[in-house]
Amino acid sequence: MLSFIARRIAAGLAVLCAISFITYFLLYFSSSSIARNILGEFASQEQVAQLEAQLGLDQPLLVRFFSWAGAAFTGNFGVSWFTTEPVVTAITSRLPITLALVIVSILFIAALTTALGMAAAVKRGWIDRMVQGAAVIGDAIPGFVMAIILVTIFAISLKLFPATSSISPDSPGSAWVASLTLPVIAIVINGVAGGAQQIRSAVIKQLEKDYVRTLRSRGIPESEILFKYVLRSAAPAGLTVISLQFIGMLGGVTIIEQIFALPGMGSLAVQATTMADIPLVMGVVIYSVIIVIIINLLVDIVNGWLNPKVRVS
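Because the structure is a prediction, the values reported are computed rather than measured. Along each chain, residue indices are assigned from 1 in the same order as the chain's sequence is written. Whole-chain, interface and lining totals are the exception, using all residues; otherwise, since this is a predicted model, local features are given only for residues with pLDDT of at least 70 and side-chain atom pairs are given and counted only at 80 or more. Think of the side-chain values as coming from all heavy atoms in the structure, minus any hydrogens and water.

### Details of the overall build of the protein
Helix and strand definitions here come from DSSP, where helices need a minimum of 4 consecutive H or I residues and strands a minimum of 2 consecutive E residues; each element is numbered from the N-terminal end. Counting its secondary structure elements, the protein contains 14 helices and 0 strands. Structurally, the protein occupies a C-alpha span of about 85 × 55 × 35 Å along its principal axes. Within the protein, the proportion of its 313 residues that are buried is 40%. Throughout, a residue-residue contact means that at least one pair of heavy atoms, one from each residue, lies within 4.5 Å. Look at the contacts in the protein between residues 6 or more apart in sequence, and 74% of them connect residues 24 or more apart. Each accessible area is a Shrake-Rupley result for a 1.4 Å probe, and residues are judged covered by the shown protein chains and nothing else. As displayed, the protein offers around 16400 Å² of accessible surface, 68% of which is attributable to carbon and sulfur atoms. Computed over 19 positive and 15 negative side-chain charges, the inter-centroid distance for the protein is 19 Å. The cut-offs for exposure are 20% and 50% of the maximum accessible area for each residue type, with area from a 1.4 Å probe on protein chains only; residues under the lower value are buried, those over the upper are exposed, and the others partly exposed. Charge counting follows a simple rule: Lys and Arg are positive, Asp and Glu are negative, and His as well as the terminal groups are ignored. By convention, the point assigned to a charge is CZ for Arg, NZ for Lys, CD for Glu and CG for Asp.

### Describing the packing of aromatic side chains
Two numbers describe a pair of aromatic rings. These are the distance of the centres and the angle of the planes. Working definition: a ring pair exists when centres of Phe, Tyr or Trp rings (six-membered ring for Trp) sit within 6.5 Å. Plane angles under 30 degrees give stacked, over 60 give edge-to-face, the rest tilted. Under the definition given, this model contains 8 aromatic pairs. A ring pair is formed by Tyr-24 and Phe-65, whose centres lie 5.6 Å apart and whose planes are at 70°; its orientation type is edge-to-face. Taken together, the positions of Tyr-24 in helix H1 (residues 2-28) and Phe-65 in helix H4 (residues 61-73) put the pair 41 residues apart, joining distant regions of the chain. The exposure classification of Tyr-24 matches that of Phe-65, with both residues buried. Cluster of aromatic residues (ring-pair linked, three or more members): Phe-21, Tyr-24, Phe-25, Phe-65, Phe-66, Trp-68, Phe-77 and Tyr-287.

### Regarding the nonpolar core
We call a set of buried Ala, Val, Leu, Ile, Met, Phe, Trp, Tyr and Cys residues a nonpolar core when their side-chain atoms join them within 4.5 Å. Among the nonpolar cores identified, the biggest contains 59 residues, and Trp-68, Ile-91, Leu-101 and Leu-180 are the most heavily contacted of them. Looking at this core, the element that brings in the most residues is helix H13 (residues 278-306), giving 12 residues. Apart from the residues within four sequence positions on either side, Trp-68 is in contact with Ser-20, Tyr-24, Phe-77, Met-282 and Ile-286. Core analysis: the second largest hydrophobic core is formed by 13 residues, Ile-199, Val-203, Ile-225 and Val-230 among them.

### Thoughts on the confidence of the model for the protein
The pLDDT score gives, residue by residue, the confidence of the prediction method on a 0 to 100 scale. The predicted model of the protein averages 84 in pLDDT, with 96% of residues at 70 or higher. Considering each helix and strand of the protein separately, the mean pLDDT is smallest for helix H14 (residues 308-312), with a value of 56, and largest for helix H5 (residues 87-92), with 93.

### Focus on the pattern of salt bridges
Salt-bridge detection follows one rule: a side-chain nitrogen of Lys or Arg within 4 Å of a carboxyl oxygen of Asp or Glu. Across all of its chains, the model carries 3 salt bridges by this definition. The salt bridge involving Asp-210 is made with Arg-213; its shortest N-O contact spans 2.1 Å. Here Asp-210 pairs with Arg-213, and both are found in helix H10 (residues 210-217), just 3 residues apart, close to one helical turn. A salt bridge links Lys-228 to Glu-224, with the shortest nitrogen-to-oxygen separation between them at 3.9 Å. Taken together, the residues Lys-228 and Glu-224, both in helix H11 (residues 222-259) and 4 residues apart, mark about one turn of the helix.

### Topic: the layout of surface pockets
Points on a 1 Å grid, built from protein atoms alone, make a cavity when a 1.4 Å probe fits but cannot get out and make a pocket when they are open with protein on both sides within 12 Å along at least 5 of 7 lines; residues with an atom within 4 Å of a point are the lining residues. Grid points are joined across faces, edges and corners, and a volume is the space filled by probe spheres set on the points. Of the volumes computed, that of the largest pocket is approximately 470 Å³. Residue lining of the largest pocket: 20 residues in total, with Leu-55, Trp-68, Gly-78, Trp-81 and Pro-279 positioned closest to the centre. Going through the elements one at a time, helix H3 (45-55), H4 and H13 are the ones with two or more residues in the lining of the largest pocket. For the lining of the largest pocket, the element with the highest residue contribution is H4, accounting for 4 residues. The classification used treats Ala, Val, Leu, Ile, Met, Phe, Trp, Tyr, Cys and Pro as nonpolar, Asp, Glu, Lys and Arg as charged, and all other residues, Gly among them, as polar. Residues belonging to the lining of the largest pocket are distributed by class as follows: 11 nonpolar, 8 polar and 1 charged. A volume near 340 Å³ is recorded for the second largest pocket. Looking at the second largest pocket, it is lined by 13 residues, and the ones nearest its centre are Leu-16, Cys-17, Ser-20, Ala-69 and Phe-73. Counted by class, the lining of the second largest pocket contains 12 nonpolar, 1 polar and no charged residues.

### Details of H4
Structural remark: α-helix, 3.6 residues per turn; residues separated by three or four positions point the same way. By this rule, a helix spans an expected 1.5 Å times one less than how many residues it contains. For H4, built from 13 residues, the straight-helix expectation of 18 Å at 1.5 Å per residue is met to within 8% by its first-to-last C-alpha distance of 18 Å. Positive backbone phi, at 95°, marks Gly-75, one or two positions downstream of H4.

### Description of the packing of helix H6 (residues 95-123) against H11
The convention used is that axes are lines fitted to C-alpha atoms, helices contributing only their stretch in contact, and that angles between N-to-C directions extend from 0 to 180 degrees. Remark: H6 packs on H11, axes separated minimally by 8 Å, with the N-to-C direction vectors making an angle of 140°. Comparing the axis directions of H6 and H11 gives the class oblique. H11 is crossed by H6, and the crossing has right-handed handedness. Here H6 contributes Thr-98, Leu-101, Val-102, Ile-103, Ser-105, Ile-106, Ile-109, Ala-110, Thr-113, Thr-114, Met-118 and Val-122 to the contact with H11, which in turn contributes Leu-226, Phe-227, Leu-231, Ile-242, Gln-245, Phe-246, Met-249, Leu-250, Val-253, Ile-256 and Glu-257. Broken down by class, the residue content of the contact of H6 with H11 amounts to 17 nonpolar, 5 polar and 1 charged. Should an angle lie under 35 degrees it is considered roughly parallel, over 145 roughly antiparallel, and from 65 to 115 roughly perpendicular; all remaining angles are considered oblique. Each crossing is labelled by how the near helix is turned from the far one, with a counterclockwise turn of less than a right angle marking it left-handed and a clockwise turn marking it right-handed.

Here you go:
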């Protein structure tokens, strides 16, 4: 198991290094007018050249990249070119909001998809038809459309929740609940439909296998068969779907944060990209990739524990 985890960590580090270089290389082509954008159109050419030298924009690409990578390796991602705020401070002040939104949403999605998927696979009938119908409707309605509907009805019309939010990591718990309720509902509605369909298919596949009939012939209670054997065998497929949804949320939550005015990583990424603030963009990318690598590692470990064949492959 340790060698399995070591291989996964090594692969994650390789991906992190590759994405870092590729992202920095792509940003290189958009950095020619950064100094002019910072100083304004009335700045002299000498002032622009001086700022470019100060920011290191006059150096070759590889020199700039390895200088940034060396500092980033020690945890120093530099400062924002436009606000002079340290990149780490800008990210850590917003990251908890995005992580809270995504983690709470994925926990609800995991619980609901497991319950609905198993019910549809075991009971069939109207429950099965309801889950399949909800999957079609959920896939047809994008998350941002559901978010607009929710904020229009429950925030603007009924005034039950705030339409915009300015929460921070030190805000009280009541403010977090009020600000995240509607965004979480919007994400969960869109995520449950497809996830329940995948769990349903995985459970049906397990129920049709010979070992289930053998367990039933031995008189083992149906609930024990479902939760001890079938669910464990179907769990890898469900975990894969949920992990992909989690990773997709990190990017897709940008629109949700914009609709509800949540000061999370999504709005920070939009702001940094619009201004071509390379240190801030690189910080957002690296933090996001690290989160994705950690999630994939955890899913691989759980899958390896559930299915020893995964560790061998």
